[in-house]
Amino acid sequence: MLERHGVKREDMIITETPTAKVGAIVVEIWPYELVIGRVRTTRNDSFISGTEFTIELKLDEDGNYIDYL
């Protein structure tokens, strides 16, 4: 789904626990949506992002992701 939105596969790093730096783009994966945000600040081992962009993950009757953009 991220590739459909213009993100190159070689620019993605998949981790279980992100150690994001300020200014990095982080994508949180949830069962029905992707939440994308730029890291504004970090505190302890957590990050805080200001504005977030959400991509809903919708399935068609065959189980394939569809996008209504």
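Keep in mind the model is a prediction, meaning the values are calculated, not measured. (Residues numbered from 1 in each chain as written. Predicted model: local features only at pLDDT ≥ 70, side-chain atom pairs only at ≥ 80, totals over all residues. Heavy atoms only, no water.)

(A) Spatial organisation of the overall build of the chain. Across its full length, the chain holds zero helices and five strands. Its helices and strands in sequence order give the chain the pattern β-β-β-β-β, from N to C terminus. With the C-alpha coordinates aligned to their principal axes, the bounding extent of the chain is approximately 45 × 20 × 20 Å. Burial statistics for the chain: of 69 residues in total, 14% are counted as buried. Taking contacts inside the chain between residues at least 6 apart in sequence as the whole, the part at least 24 apart equals 25%. Accessible surface computed for the chain: about 6,000 Å², of which carbon and sulfur atoms make up 49%. For the chain, the distance from the average site of its 8 positive side-chain charges to the average site of its 13 negative ones is 10 Å. (Helix = DSSP H or I, 4+ residues; strand = E, 2+ residues; numbered from the N terminus. Buried < 20%, exposed > 50% of the residue type's maximum accessible area, 1.4 Å probe, protein only. Contact = heavy atoms within 4.5 Å. Areas by Shrake-Rupley, 256 points an atom, 1.4 Å probe, with all protein chains shown as cover. Lys, Arg positive; Asp, Glu negative; His and termini not counted. Charge placed at Lys NZ, Arg CZ, Asp CG, Glu CD.)

(B) Fine view of the confidence of the model for the chain. Per-residue confidence for the chain gives a mean pLDDT of 81, with 96% of residues at or over 70. For the chain, the element scoring lowest by mean pLDDT is strand β5 (residues 65–66), at 75; strand β2 (residues 33–43) scores highest, at 87. (pLDDT = per-residue confidence, 0-100.)

(C) Focus on the sheet that holds strand β3 (residues 46–56). Strand order in the open sheet formed by three strands is β1-β2-β3, with antiparallel pairing between adjacent strands. The open sheet has two free edges, formed respectively by β1 (25–30) and β3, since each of these has just one partner strand. Going across the sheet, the axis of each strand differs from the next one's by a mean of 30°, ignoring polarity. (Pairing = 2+ DSSP bridges. Axes fitted to C-alpha atoms, helices over the stretch in contact; angles between N-to-C directions.)

(D) The arrangement of the nonpolar core in detail. Counting five residues, the largest nonpolar core is built from L2, L34, I36, I55 and L57. Dropping the residues within four chain positions of it, L2 is found in contact with V7, M12, V27, L34, I36 and I55. (Core = buried A, V, L, I, M, F, W, Y, C linked by side-chain atoms within 4.5 Å.)

(E) Region of interest: the pairing of β3. Pairing of β2 with β3, which is carried by nine bridges, proceeds in the antiparallel orientation. What sits directly across from L34, in β3, is I55. In textbook terms, the turn of a hairpin is the stretch between consecutive antiparallel strands, and for β2 and β3 this stretch comprises two residues, one of which, N44, has a positive phi near 55°.

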